[in-house]
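Summary of the model geometry
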Amino acid sequence: MVKKGITLTIKTINPLVKIVKIFPTPYELSKEFAEEMVNMIIESAKYSKPFTVALSGGSTPELLFSLLSVAVSVSWKYVHIFWGDERCVPPDDAESNFGMTMSKLLSKIEIASRNIHRINGEDEPEKEALRYSKEISLFTRERDGLPLFDLILLGLGEDGHTASIFPGHLDLFDSDKICTIALHPVTQQKRITLTGRIINNADIVTFLVAGRKKAEVVEKMFKNDLSALNYPATYIVPVYGRLNWYIDKEAGRLL
Ligand code: 6PG
């Protein structure tokens, strides 16, 4: 059967404010973004407003989380933490995004457990995707009938994936689901991921990208190479919000 091409029409209201910052090292990248994230949280707390953030997984955000864990000027009282995606493994599994965040950040800060919205990677994926979708709807604002996150952090895979939206699954940018099941193309590991429209509905979407291995994919995306049309990360185009790319020198070395 010939796979139908996906025609993606991504509407964006704003003339896409896309900020690209290149940093000498992952430390400086993480330090600057930690300061910005702390300021966003402080601003929200001034009006006792919940601040909803979906964290990225993988290894890049580990340094950011460690820096946030020692940020003394921030109260986490109004922060609600979600994940943009999770591997379908128990929380104590080395692969767990929640497990990594627990060790680098959550175990070191004062935050109410009711503000931590973990994806239960150990549960049956289809059921958990539904449960997590409902939890997101319950604890986030709404815009255009979709959950509205204040901030979504994203990483970038060498194949152009982001969250757990992998190449060949651009249909997840048309999905009317809040989150869904994905399969890692190499390991076949089951994942639960936010879908593209939810990510594009956020107020601020920030890619954190570091390391030599990301240089090629970054180059292809930023030089509008045709192959980037297969990258899910290419279709992260906030409809109303801001798009930030925080890249270290190594990942940006081909720009
Ligand atoms: C995950 C992520 C994924 C990650 C990229 C980059 O669960 O793995 O959410 O999208 O951000 O694969 O991963 P690294 O930061 O480890 O390079």
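The structure this text deals with has already been given above.
Quick notes on the rules
Residues numbered from 1 in each chain as written. Predicted model: local features only at pLDDT ≥ 70, side-chain atom pairs only at ≥ 80, totals over all residues. Heavy atoms only, no water. Salt bridge = Lys/Arg side-chain N within 4 Å of Asp/Glu carboxyl O. Helix = DSSP H or I, 4+ residues; strand = E, 2+ residues; numbered from the N terminus. Buried < 20%, exposed > 50% of the residue type's maximum accessible area, 1.4 Å probe, protein only. Contact = heavy atoms within 4.5 Å. Phe/Tyr/Trp six-rings, centres within 6.5 Å; stacked < 30°, edge-to-face > 60°. Lys NZ or Arg CZ within 6 Å of the ring centre and 35° of its normal. Right-handed = clockwise from strand over helix to strand, strands pointing away. Pairing = 2+ DSSP bridges. Axes fitted to C-alpha atoms, helices over the stretch in contact; angles between N-to-C directions.

Right, let's get into the pattern of salt bridges. All told, the structure shown has 15 salt bridges when counted by the stated rule. In this structure, Arg191 engages Asp85 in a salt bridge whose closest nitrogen and oxygen atoms are separated by 3.8 Å. Taken together, the positions of Arg191 in strand 9 (residues 190-194) and Asp85 in strand 4 (residues 85-87) put the pair 106 residues apart, joining distant regions of the chain. Residue Asp85 is classed as buried on the basis of its relative accessible area, which comes to 5%.

We now examine the side chain of His117. Tracing the backbone through its elements, the reader meets His117 in the loop between helix 3 (97-104) and helix 4 (125-139). Since its relative accessible area comes to 0%, His117 is described here as buried. Apart from the residues within four sequence positions on either side, His117 is in contact with His80, Ile81, Phe82, Trp83, Tyr132, Glu135 and Phe139.

Moving on: the packing of aromatic side chains. One pass over the structure, following the stated rule, counts 8 aromatic pairs. Measuring from ring centre to ring centre gives 5.4 Å for Phe23 and Tyr246, while their planes differ by 40°; the resulting arrangement is tilted. Highlighted residues: Phe23 in strand 1 (residues 18-23) and Tyr246 in strand 11 (residues 242-248), separated in sequence by 223 residues. You can call Tyr246 buried: its relative accessible area is 1%. With 5.4 Å between their ring centres and 85° between their planes, Phe33 and Tyr246 make a pair best called edge-to-face. Note that Phe33 is positioned in helix 1 (residues 26-46) and Tyr246 in strand 11, a separation of 213 residues in sequence. Each residue in the set Phe23, Phe33 and Tyr246 is aromatic and connected to the rest through ring pairs, giving one cluster. The positively charged end of Lys18 is found above the aromatic ring belonging to Phe222, 5.0 Å away from the centroid. Directly above the aromatic system of Phe98 lies the positively charged group of Arg118, at a separation of 5.4 Å from the ring centroid.

With that settled, consider the pairing of strand 3 (residues 79-83). Within strand 3, 5 of the 5 residues are buried, leaving the element largely enclosed by the surrounding structure. Neither face of strand 3 is open: one carries Val79, Ile81 and Trp83, the other His80 and Phe82, and all of them are buried. With helix 2 (residues 61-69) bridging strand 2 (residues 51-55) and the parallel strand 3, this β-α-β connection has right-handed handedness.

Let us look at the sheet that holds strand 4. With antiparallel pairing, the 3 strands of this open sheet are ordered in space as 4-9-8. At either margin of the open sheet sits one strand with a lone partner, and together these are strand 4 and strand 8 (179-183). Across the sheet, the mean angle separating the axes of adjacent strands is 25° when strand polarity is ignored. In this fold helix 4 packs onto strand 8 and strand 9, with an angle of close to 145° to the strand it touches most, strand 8.

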